[in-house]
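Architecture and fold: a report
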Amino acid sequence: MRNLVNILDLSTEEIDDLIKTASDIIDNPELYTNSCRGKILGTLFFEPSTRTRLSFTSAMMGLGGNVLGFSQAASSSISKGETVSDTIRMVSAYSDIIVMRHPKEGAPIVASAVSSVPVINAGDGGHFHPTQTLTDLLTIKKKKGGFNNLTVGVCGDLKYGRTVHSLIAAMSRYENVKFVLIAPSELALPDYVKAEYLDGKCEYTEIAGLEESIDRLDILYMTRIQAERFESKEEYERLKDSYVLTADKLKSAKADLSILHPLPRVNEISVDVDDDPRADYFDQAMYGRYIRMALILMLLKTKGISDSRLIGVENSSLECTNTHCISRTERGIKRLFTSSGACIYCDQQAKTK
Ligand code: NCD
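Residues numbered from 1 in each chain as written. Predicted model: local features only at pLDDT ≥ 70, side-chain atom pairs only at ≥ 80, totals over all residues. Heavy atoms only, no water.

**Quick word on the overall build of the chain**
Check the secondary structure of the chain and you find 9 helices and 13 strands. Relative to the 2.2 N^0.38 estimate, which gives 20 Å for 353 residues, the radius of gyration of the chain is 20 Å and therefore close to what a compact globule would have. When the backbone C-alpha atoms are referred to their principal axes, the chain occupies close to 55 × 55 × 35 Å. Going through the 353 residues of the chain one by one, you find that 56% of them count as buried. Within the structure as shown, the chain displays about 14900 Å² of accessible surface, and the carbon and sulfur contribution to it stands at 49%. In the chain, 42 positive and 47 negative side-chain charges are present, and the distance between their average locations comes to 5 Å. (Helix = DSSP H or I, 4+ residues; strand = E, 2+ residues; numbered from the N terminus. Rg over C-alpha atoms; globule rule 2.2 N^0.38 Å. Buried < 20%, exposed > 50% of the residue type's maximum accessible area, 1.4 Å probe, protein only. Areas by Shrake-Rupley, 256 points an atom, 1.4 Å probe, with all protein chains shown as cover. Lys, Arg positive; Asp, Glu negative; His and termini not counted. Charge placed at Lys NZ, Arg CZ, Asp CG, Glu CD.)

Here is the structure:
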């Protein structure tokens, strides 16, 4: 049985297969209308969502399956103090595949360890969001023809932006991909993402200004400043309008630039960009349904024991200091660390007690 917790759970060949299947579904949707007849998708959204939850729901419906679940933590037993493990044990008895979004980083790892059905991570705190990356990759394939030799600008909240972390992990596996990381220093890409996916693998530069690099980009991936993850409201207010892409700023950009955004946008792309032929973010949202259909089909085919990620050592002298990590709140789980001292749930470096 397979789960999708981190985008690197999929090989590049599997990503190619998913893109092929999604493209076939786009061309021949009628061939797939009964593919998941009798199957149930559990959608557990402990955090707000529009596109991801609705596109998964619409994906399962398009495959002839059924959907059950909840769209806010308040309407589930988590509000009564239930652990993630207990919720997942129950829901995996009621469904054939689970998609979950949770504010705590590493929650899908906890879920996949106890689930009897495949678990898909639809976003865990500010950590990862692999199915948004599949959507991004399908869009890049359609717009740019492939993934090699691209200069990718990622702009905005690179600290808390989980879609950025998964996109960088995925794109760093292709040839001659260069990243331009555009963020204020307070919202720079976390060290664990750099160490794991960029250092020694990919050329990258970190800059604060959007205008100074726009002319060399093949892809510009804009992101929202993630208000809900800030410790201080004042800091959010100070940083929230760090970047606003306007039609004017695009004058020096390449004619075949592809402008992406996982959405929702707040202020970071002005509406005057929407009519520019390089604005691909609404197509990107549309592709989400088809790649998720392909993913559901793929994961439902896999059988056997779960590919557990609970590999690490218990070390009583270490503690994970990330206040957003599931290991700090979930009762009864093992606190595990890698040999280099990173928490296996949130990937952040642990500290000696
Ligand atoms: C993103 C998310 O939830 O991380 N949204 C999405 O899934 N399309 C981006 C965001 O919320 O800013």
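**So, the nonpolar core**
With 61 residues, the main nonpolar core has L134, V154, I168, M171, F179 and I296 as its most contacted residues. Considering each element in turn, this core owes the most residues, 11 residues, to helix α9 (residues 281–301). Both domains that furnish three or more residues to this core are identified here as domain 1 (7–128 + 286–301) and domain 2 (130–280). Residues within four places of V154 in sequence aside, it is in contact with V164, L167, I168, V180, L181, I182 and Y221. Core analysis: the second largest hydrophobic core is formed by 28 residues, V84, V119, C325 and C343 among them. (Core = buried A, V, L, I, M, F, W, Y, C linked by side-chain atoms within 4.5 Å. Domains from an automatic or database assignment. Contact = heavy atoms within 4.5 Å.)

**Some details on the pattern of salt bridges**
Per the stated rule, a full pass over the model turns up 18 salt bridges. Between K144 and D256 there is a salt bridge, and its shortest N-O distance comes to 3.8 Å. Pair noted here: K144 is in helix α5 (residues 130–144) and D256 is in the loop between α8 (233–239) and β9 (258–260), with a separation of 112 residues, a long-range link. Taken together, the shared-partner salt bridges connect E47, R162 and R229 into one network. (Salt bridge = Lys/Arg side-chain N within 4 Å of Asp/Glu carboxyl O.)

**Some thoughts on the packing of aromatic side chains**
This model, assessed by the stated rule, comprises 6 aromatic pairs. With a centroid separation of 6.4 Å and an interplanar angle of 70°, the aromatic rings of F128 and Y197 are classed as edge-to-face. Of this pair, F128 sits in the loop between β4 (119–124) and α5 while Y197 sits in helix α7 (residues 191–198); the two residues are 69 residues apart in sequence, bridging distant segments of the chain. For the pair F128 and Y197, a shared accessibility class is recorded, and that class is buried. Centre to centre, the rings of F147 and Y174 are 4.7 Å apart; their planes meet at 35°, and the pair counts as tilted. Here Y174 lies in the loop between α6 (162–171) and β6 (178–182) and F147 lies in the loop between α5 and β5 (151–155), a separation of 27 residues in the sequence. Since its relative accessible area comes to 6%, F147 is described here as buried. Cluster of aromatic residues (ring-pair linked, three or more members): Y160, F230 and Y236. (Phe/Tyr/Trp six-rings, centres within 6.5 Å; stacked < 30°, edge-to-face > 60°.)

**Re unusual backbone geometry**
With an omega of 5°, the peptide bond running from L263 to P264 counts as cis. The phi torsion at L263 lies on the positive side, around 65°, for a residue other than glycine. Examined against the element boundaries, L263 turns out to sit in the loop between β9 and α9.

**Focus: the site of the ligand**
Close to the ligand lie T52, R101, H129, Q132, R162, T163, R224, Q226, P262, L263 and P264, which account for all nearby residues. Separating an oxygen atom of the ligand from a side-chain N or O atom of R101 is a distance of 3.1 Å. Protein contact buries 94% of the 310 Å² of open area that the ligand shows by itself. (Near = heavy atom within 4 Å. Polar contact = N/O pair within 3.5 Å; in protein donor to acceptor, adjacent residues only side chain to side chain.)

**Focus on the side chain of S92**
Tracing the sequence through the fold places S92 in helix α3 (residues 84–94). At 3.3 Å, the side chain of S92 forms a polar contact with the backbone oxygen of R89. There is a polar contact of 3.3 Å between the side chain of S92 and the side chain of S116. In this structure S92 touches I98, S115, S116 and V117, once residues within four positions along its chain are discounted.

**Concerning the domain arrangement of the chain**
By the assigned domains, the chain splits into domain 1 (7–128 + 286–301), domain 2 (130–280) and domain 3 (313–353). Put simply, the middle of domain 1 and the middle of domain 2, counted by C-alpha atoms, are 25 Å apart. On the domain 2 side, the residues contacting the 30 residues of domain 1 number 27 residues. Summed over both sides, the interface between domain 1 and domain 2 buries roughly 2500 Å², with carbon and sulfur atoms accounting for 65% of that surface. On the domain 1 side of the contact with domain 2, I7, F128 and Y287 bury the most area, a combined 28% of that side's loss. Counting across the interface, domain 1 meets domain 2 through 9 residue pairs in polar contact (both at pLDDT 80 or more). The dominant element in the side of domain 1 that touches domain 2, judged by the number of residues it contributes, is helix α1 (residues 12–27), at 7 residues. Per-class residue counts for the side of domain 1 that touches domain 2 are 15 nonpolar, 10 polar and 5 charged. (Buried area = accessible area lost by both parts, 1.4 Å probe. Nonpolar A, V, L, I, M, F, W, Y, C, P; charged D, E, K, R; others polar.)

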